[in-house]
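Now for the letters of each chain:
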Amino acid sequence: MSAEIEKSPRAITVPVIAIDGPSGSGKGTIAHRVAQRLGFHVLDSGALYRLLGAAAQRHAVAMDNEAALEVLAAHLDVQFISNTDGEPVILLEGEDVTDVIRTEEAGRAASQVAALPAVRQALLARQQAFREGPGLVADGRDMGTVVFPDADVKIFLTASAEARAERRYRQLLEKGFDANLESLIDDIRARDARDTERAVAPLRPAADALILDSTDLGIDAVVDRVFAAAATAPGLARYL
Ligand code: DC
């Protein structure tokens, strides 16, 4: 029996909770809450695409120049660190871009570069390298379908476009950015269409994902449901 346990890949695999979904569905907030409670690492995969968009702008690379973007992606100089207050800080080529990459413009650029197959391939291993003990909560569009198809729990978190735009609107105002609700709704719809209709790794739930609609659910209720799903995953039992 013990020999069987040793042979089982589960016994040596670092557990992953994959949280996928469209822009503004609250994936980031939920991923951080879940990770904090479990003491797991977090992968914000969208940040990598946003960083690549920012790097492309910085180096005057066109958002459809797949060959140049592939090279840029392979050499992307990024660091995910914490400031003295323990808040996450993202450095691109040594420069703090934590807020810059959260703008709508950066989101649009990210969505464009993310549609290119060579870019996705170039960022694949970098994302998989975040899988370190004790475990990982991975937030994105294709975590459960492409990057971590063997994830222990797969959540597809969604909400109506209006609810997502409204959340984004409030976030932007809080951060002191200018925002217009109508244009945010249009933007979210356009981004959903681009992310869903692209040929490679389109936004869609994995066949074995739990679909959670958070339009009328608060953060705590969503976190509770993620933990309820995690409770049924054998690979996570010892962390709960
Ligand atoms: O989650 P986000 O809004 O930061 O992501 C920005 C863009 O990056 C999003 O429009 C689509 C793309 N993306 C992706 O294609 N695959 C991922 N795993 C994460 C993000």
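Next up on the list: the sheet that holds strand β4 (residues 88-92). Two strands in a sheet stick together by hydrogen bonds in their backbones, pointing the same way (parallel) or opposite ways (antiparallel). Reading across from one edge, β3-β4-β5 is the order of the 3 strands in this open sheet, with antiparallel pairing throughout. Unpaired on one side and paired on the other, β3 (78-82) and β5 (95-96) mark the two borders of the sheet. Two strands pair when backbone bridges link them, and β4 and β5 are joined in this way by 2 bridges, in the antiparallel orientation. Counterpart to Leu 91 in the pairing with β5 is Asp 96. Of the strands in this sheet, β3, β4 and β5 are in contact with helix α3 (residues 45-58), which crosses β4 at around 35°.

This brings us to the side chain of Glu 104. Within the secondary structure layout, Glu 104 lies in helix α5 (residues 104-114). The class of Glu 104 is buried, set by a relative accessible area of 16%. Every residue in contact with Glu 104, bar those within four places of it in the chain, is listed here: Arg 168, Leu 172, Leu 184, Asp 187 and Arg 191.

Evaluation of the coordinates by the stated rule reveals 2 aromatic pairs. Relative to Tyr 239, the ring of Phe 40 has its centre 5.1 Å away and its plane inclined at 80°; by these criteria the two rings are edge-to-face. With Phe 40 in the loop between α2 (27-38) and β2 (41-44) and Tyr 239 in the segment after α10 (219-230), the pair connects residues that are 199 residues apart, well separated along the chain. On the accessibility criterion, Phe 40 (7% relative accessible area) is buried. Both rings, one in Phe 80 and one in Phe 130, keep their centres 5.8 Å apart while their planes meet at 80°; by these two values the pair is edge-to-face. On the criterion of sequence distance, the pair formed by Phe 80 in strand β3 and Phe 130 in the loop between α6 (117-128) and β6 (136-140) is long-range, its members being 50 residues apart.

About the criteria used
- For every chain, the first residue of the written sequence is number 1, and numbering continues from 1 along that sequence.
- The model is predicted, so local features are restricted to residues of pLDDT at least 70 and side-chain atom pairs to those at 80 or more, both for listing and for counting; the totals for chains, interfaces and linings are taken over all residues.
- For side-chain calculations, the full set of non-hydrogen atoms in the structure is used, while hydrogens and water are omitted.
- Any two strands between which DSSP finds at least two bridges are classified as paired.
- Strands are runs of DSSP state E lasting at least two residues, helices are runs of H or I lasting at least four, and both sets are numbered from the N terminus onward.
- We call two residues in contact when some of their heavy atoms are within 4.5 Å.
- Working convention: axes come from line fits to C-alpha atoms, limited for helices to the stretch in contact. Angles between N-to-C directions cover 0 to 180 degrees.
- Buried, partly exposed and exposed residues are distinguished by accessible area as a fraction of the type maximum, computed with a 1.4 Å probe on protein chains only: under 20%, between the cut-offs, and over 50%, respectively.
- Each Phe, Tyr or Trp ring (for Trp, its six-membered ring) is paired with any other whose centre lies within 6.5 Å, and the angle between the two planes then decides the class: stacked below 30 degrees, edge-to-face above 60, tilted in between.

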